[in-house]
Amino acid sequence: MVALLISACLAIGSSAEAKDRRADTVFVNGTIYTGDANGTVAEALALRGGVITYVGANVGAKTAIGRKTLVIDLKGRMVMAGLIDGHMHPQSGGLRMLDCNLNYEALTVAQFQARIQACVDADTKAGPDDWLNVINWFEQNMQPAGTVLDHTALDGVRTTRPIRVHSSYGHTDLVNARALSLAHITRDTPDPKDGVIVRFADGSPTGLLEDAAKDLVTNLMPQPSLEKNYQATQKALAVMRAQGITTFLDAYTDIDTLTTYRKVQAEGSLTARAHFAVLIDSVPNYDPDSAIAEVLREKAQFDQGPLSPAPSMQLRTAKLFLDGVYGAPSLTGIMIDPYFENRGTAEKPDWRPGTNHGVRPYFTQEQLDTTLIKLAAAGLDAHMHADSDGAVREALNAIEAMRKVHPGEDIRPAVAHDEIVAPEDFHRFAELHALPVLSFQWEKPAVDLNAANSGYLGPIRWALMEPAGFLKLYGARIVFGSDWPVDPLDEWLAMQVAVTRSAVGEDAQKYPGRLGIDPGLSVADAIRAMTLDAAYSLHQDTVTGSLEAGKYADLIVLDRNLFQVPATDIAGTRVLMTMVGGKIVYSDGSLTVSARKKAGL
């Protein structure tokens, strides 16, 4: 741990000047991890007008305290910059709280049916033709292991309603026969571009729809009402501030979401700095100029300009999907070398290289190069979903092409997920100033990620997967993004896994040990990825991401010192207070707030 910063009191020139320096809020007697370039730790912090005015020793904070100053006695607790989630889907997360929820649980087919039947029975207002939307289905953890569902599992639910079950990964839906009929999906329906209709041996649809094939059903479902969207936004913000999130990127937005957040912001109830990415879809006859024009149109309509202490909305990012997910049974991630296939039996597997490289690229290399070059010319950042090494390489190639056309310009492209990266590409992230945006909670053995179930990756990819530590060693600026609601929102579990690369709780007994051979991150590196480097990815590192004089007062108070507890205790961290722009947006009531005299100053 770095040495405690001992700072002199702020010099006070005149009584008028002293009055001007009185703080709105002062934190004292704390362990304030600034996250600055030196890893400085201080005792006290003062702020005024939403901006940090002092970081240093208790004695220096004394001059900032006036009669109206709110003094918070930390009693040794740790303070750090607020968390910045560089890739999540908060509106989807909020909406999922309002739907039939399978809660990511391991379920047998009978349990799966019973849970959905309970939702049907409880929804007494729904008519026979109203859609039922079921969410947070942990497809890869169906019991017994290896169970793959088809529409007959849903046909067993007693209802005439069409049903759509959305996997927690977000790339697969399961629908019942009624939904297949309404969507006119038959054995003769061709796979859409960038999507797969999973089929039985006779060519008829199983009910599983991958990636763009989901749209065949989703487009038939009614959109959430304005009121439901508003409720979802408020629920999402409440969950985020309790986790200590002070800034986020919604990595795939829509007009309804943007409209709702603008309403919340106008009401003064936006409790995190909100950034949004507009989708550029690789449709047939793709035209990058018209796609970018739509991003710019939405930017002109919803972006609220330069940042200020009060949270607002920013839109300067375009989202592009380059592939699906590498996980079985989907195998829609694009691989440089083919997936392995089992030429033995389930009991005695014999994994050998196969012929399946995953899906065809959603964008051609030429299309992607051109798009990134044109995005940079428009002052927009690309945020690319690239799960597997083939898609990651395509993304890096496009960034390289963009850098040649726009050398030296402040464009900050991101490559999200990067779960499988070819070793020869590790160094390219730093060289190209490409930002790997990683979901740390995936970097552990789990039901869908362990040696017994992941033979289809082959031994080399298995050893090197989730390469946060390797990318860091090669100089990449690591950015964290939870991808919520793909998983339950738990930033502190994610931080622990980033350091330990091991499962937590009961899963640690089922899936012991570390994942692969990646060295993982240090606590300081993980914090930086979730604060300052995530702020950099959103062009706000000059005003947030660390606790330094002149930056906005976006900070959190924790119940433990992350540098002093065992790494295996990080997941249990509780946020006691969250502050955004100097305003307390969450508190559990445990901190002592007092006037100057009672604080002993």
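This is a predicted model, so every value here is computed, not measured.

**Notes on the sheet that holds strand E12 (residues 172–175)**
Pairing is mixed across the open sheet formed by 6 strands, whose spatial order is E9-E10-E11-E12-E14-E13. Here the strands that pair on one side only, and so sit at the sheet edges, are strand E9 (100–101) and strand E13 (195–199). Its contacts with the sheet place helix H4 (residues 109–122) against E9, strand E10 (132–137), strand E11 (163–167) and E12, and it is angled at close to 140 degrees to E10.

**A closer look at the nonpolar core**
Core analysis: the biggest nonpolar cluster contains 84 residues, and Ile280, Leu320, Met384, Phe440 and Leu562 have the highest contact counts within it. With 7 residues, the top contributor of residues to this core is helix H12 (residues 389–405). With sequence-adjacent residues up to four places away left out, Leu562 is seen in contact with Met78, Met80, Trp492, Met495, Val523, Ile527, Ile570 and Thr573. Among the nonpolar cores identified, the runner-up in size contains 19 residues, and Ala42, Val557, Met579 and Leu591 belong to it.

**Digging into the packing of aromatic side chains**
Scanning the entire structure with this criterion turns up 11 aromatic pairs. Where Tyr33 meets Phe563, the ring centres are 4.7 Å apart and the plane angle is 50 degrees; that geometry is what we call tilted. You can see Tyr33 sitting in strand E2 (residues 31–33) and its partner Phe563 sitting in the loop between strand E24 (555–558) and strand E25 (575–580), a full 530 residues away along the chain. Given the relative accessible area of 10%, Tyr33 is considered buried. Exposure remark for Phe563: the relative accessible area of 27% places this residue in the partly exposed category. Measuring from centroid to centroid gives 5.8 Å for Phe426 and Tyr474, while their planes differ by 55 degrees, and the two rings are tilted. Taken as a pair, Phe426 in the loop between strand E21 (414–417) and helix H13 (428–431) and Tyr474 in the loop between helix H15 (468–473) and strand E23 (479–480) lie far apart in primary sequence, 48 residues in all. Phe426 gets classed as buried once you look at its relative accessible area, which sits at 4%. Looking at Tyr474, the relative accessible area reads 46%, which means it is partly exposed. Among the aromatic residues, ring-to-ring pairing joins Phe248, Tyr261 and Phe276 into one connected group. Lys263 extends its terminal NZ or CZ atom over the ring of Tyr230, reaching a point 5.4 Å from the ring centre.

**Quick notes on the environment of Asp73**
By the element assignment, Asp73 lies in strand E6 (residues 70–73). We classify Asp73 as buried; its relative accessible area is 16%. On a C-alpha basis, the gap between Asp73 and Gly455 in space is 53 Å, while along the polypeptide they are 382 residues apart. With residues up to four places along the chain from it excluded, the contact list for Asp73 reads Val28, Asn29 and Thr592. Of note is the side chain of Asp73, whose polar atom sits 3.0 Å from the side chain of Asn29.

About the cut-offs
Residues numbered from 1 in each chain as written. Predicted model: local features only at pLDDT ≥ 70, side-chain atom pairs only at ≥ 80, totals over all residues. Heavy atoms only, no water. Pairing = 2+ DSSP bridges. Helix = DSSP H or I, 4+ residues; strand = E, 2+ residues; numbered from the N terminus. Contact = heavy atoms within 4.5 Å. Axes fitted to C-alpha atoms, helices over the stretch in contact; angles between N-to-C directions. Core = buried A, V, L, I, M, F, W, Y, C linked by side-chain atoms within 4.5 Å. Buried < 20%, exposed > 50% of the residue type's maximum accessible area, 1.4 Å probe, protein only. Phe/Tyr/Trp six-rings, centres within 6.5 Å; stacked < 30°, edge-to-face > 60°. Lys NZ or Arg CZ within 6 Å of the ring centre and 35° of its normal. Polar contact = N/O pair within 3.5 Å; in protein donor to acceptor, adjacent residues only side chain to side chain.

Purely geometric stuff here, so don't read any function into it on its own.
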